[in-house]
Amino acid sequence: EFKEQIGKLNYPNYRHIWIDNSKTLDYTEKLRKEGLEVFHVERGNNTREALARSQNFARKIALEEGYDFVLSIESDLFDIPSNIIQHLVGQAKEIVGCFYLIGDKDYRVPCITVNKKNEAYGLVGTRLVNADETADILEHVGLHAVNSCGLGCTLISTEVLEQIGFMYYPDLKAHSDVFFANE
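Residues numbered from 1 in each chain as written. Predicted model: local features only at pLDDT ≥ 70, side-chain atom pairs only at ≥ 80, totals over all residues. Heavy atoms only, no water.

Let's shift gears to the overall build of the protein chain. Along the backbone of the protein chain there are seven helices and 10 strands. Relative to the globule expectation of 16 Å for 183 residues, the C-alpha radius of gyration of the protein chain, 17 Å, shows essentially globular dimensions. In terms of overall dimensions, the protein chain has C-alpha extents of about 55 × 40 × 35 Å along its principal axes. In the protein chain, buried positions account for 35% of the 183 residues. Partitioning the contacts of the protein chain with sequence separation of at least 6, the portion at a separation of at least 24 is 56%. (Helix = DSSP H or I, 4+ residues; strand = E, 2+ residues; numbered from the N terminus. Rg over C-alpha atoms; globule rule 2.2 N^0.38 Å. Buried < 20%, exposed > 50% of the residue type's maximum accessible area, 1.4 Å probe, protein only. Contact = heavy atoms within 4.5 Å.)

Right, dumping it as structure tokens:
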């Protein structure tokens, strides 16, 4: 399904690569047999490290080959509009992401963080948006300023990527998108 969805993107000039971070080369070889441009990246110790390594591989290609943007679309996202590239590029932002939900089927929230406030201390980090904020976002279609968003469907200019890479810290549970936003 994901391959079919990506094949329907209708932007006139882009290169689509697949980055596989499976433990073995089996999936890489399967995708290559289907005619896809696939790179295998060593997984590392866990999914957080695997994701950061994959993102840094895409970053390296974009910088070395002179691309203007990297569009990250993770393989667990579906129903991506065929004009998503035009839409995101048209926003004229260095980083622009899409609204999508994370979590289990009983409690799904947008992968967006905003300021976390404490009456005694003012701003103290970030938190995922709550139900009221989600409703407001859905009612007011368009751009919303946020602290961070997941990188599941996000366009990033290479000007930003020249300055910031993707990282993960073994002792922290957060994924690379959190650290990317904090940089």
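Further remarks concern the sheet that holds strand 3 (residues 69-73). Across the sheet, which stays open at both edges, the three strands sit in the order 3-10-4 with antiparallel pairing between neighbours. Edge positions in the open sheet fall to strand 3 and strand 4 (95-97), since each of these has one partner strand only. For this sheet, the mean inter-axis angle between neighbouring strands, taken without regard to orientation, is 10°. The sheet contact formed by strand 3 and strand 10 (residues 153-157) spans five bridges and is antiparallel. Bridge pairing links Leu71 to Leu155 in strand 10. (Pairing = 2+ DSSP bridges. Axes fitted to C-alpha atoms, helices over the stretch in contact; angles between N-to-C directions.)

What follows deals with the confidence of the model for the protein chain. The predicted model of the protein chain averages 86 in pLDDT, with 90% of residues at 70 or higher. Per-element confidence in the protein chain is highest for strand 2 (residues 38-40), whose mean pLDDT is 97, and lowest for strand 8 (residues 122-128), whose mean pLDDT is 63. (pLDDT = per-residue confidence, 0-100.)

Our next topic: the environment of Leu88. Examined against the element boundaries, Leu88 turns out to sit in helix 4 (residues 84-89). Residue Leu88 is classed as buried on the basis of its relative accessible area of 3%. In sequence terms Leu88 and Leu155 are 67 residues apart; their C-alpha atoms lie 6.6 Å from each other.

Before going further, it helps to examine the environment of Ile102. Mapping Ile102 onto the fold places it in strand 5 (residues 101-102). Separated by 10 residues in the primary sequence, Ile102 and Ile112 have C-alpha atoms spaced 9.7 Å apart.

This next bit is on the nonpolar core. One finds Leu9, Trp18, Ile73, Ile80, Ile84, Leu88 and Cys153 to be the most contacted residues of the largest nonpolar core, which totals 19 residues. Listed by contribution, the elements that provide at least two residues to this core are helix 1 (2-7), helix 4 and strand 10. The leading source of residues in this core is helix 4, at three residues. Non-local contacts of Leu9, meaning those with residues more than four positions away in its chain, are made with Tyr14, Ile73, Pro81, Ser82, Ile84 and Ile85. (Core = buried A, V, L, I, M, F, W, Y, C linked by side-chain atoms within 4.5 Å.)

Mapped onto the elements, Asp20 comes out in strand 1 (residues 18-20). One buried charge, Asp20, has no salt-bridge partner; the nearest side chain with opposite charge is Arg43, at 7.0 Å. Within the structure, the side chain of Asp20 is placed 2.6 Å from the side chain of Thr28, a separation counted as a polar contact. Apart from residues lying up to four places away in sequence, Asp20 is in contact with Tyr27, Thr28, Val38, Phe39, His40 and Val41. (Lys, Arg positive; Asp, Glu negative; His and termini not counted. Salt bridge = Lys/Arg side-chain N within 4 Å of Asp/Glu carboxyl O. Polar contact = N/O pair within 3.5 Å; in protein donor to acceptor, adjacent residues only side chain to side chain.)

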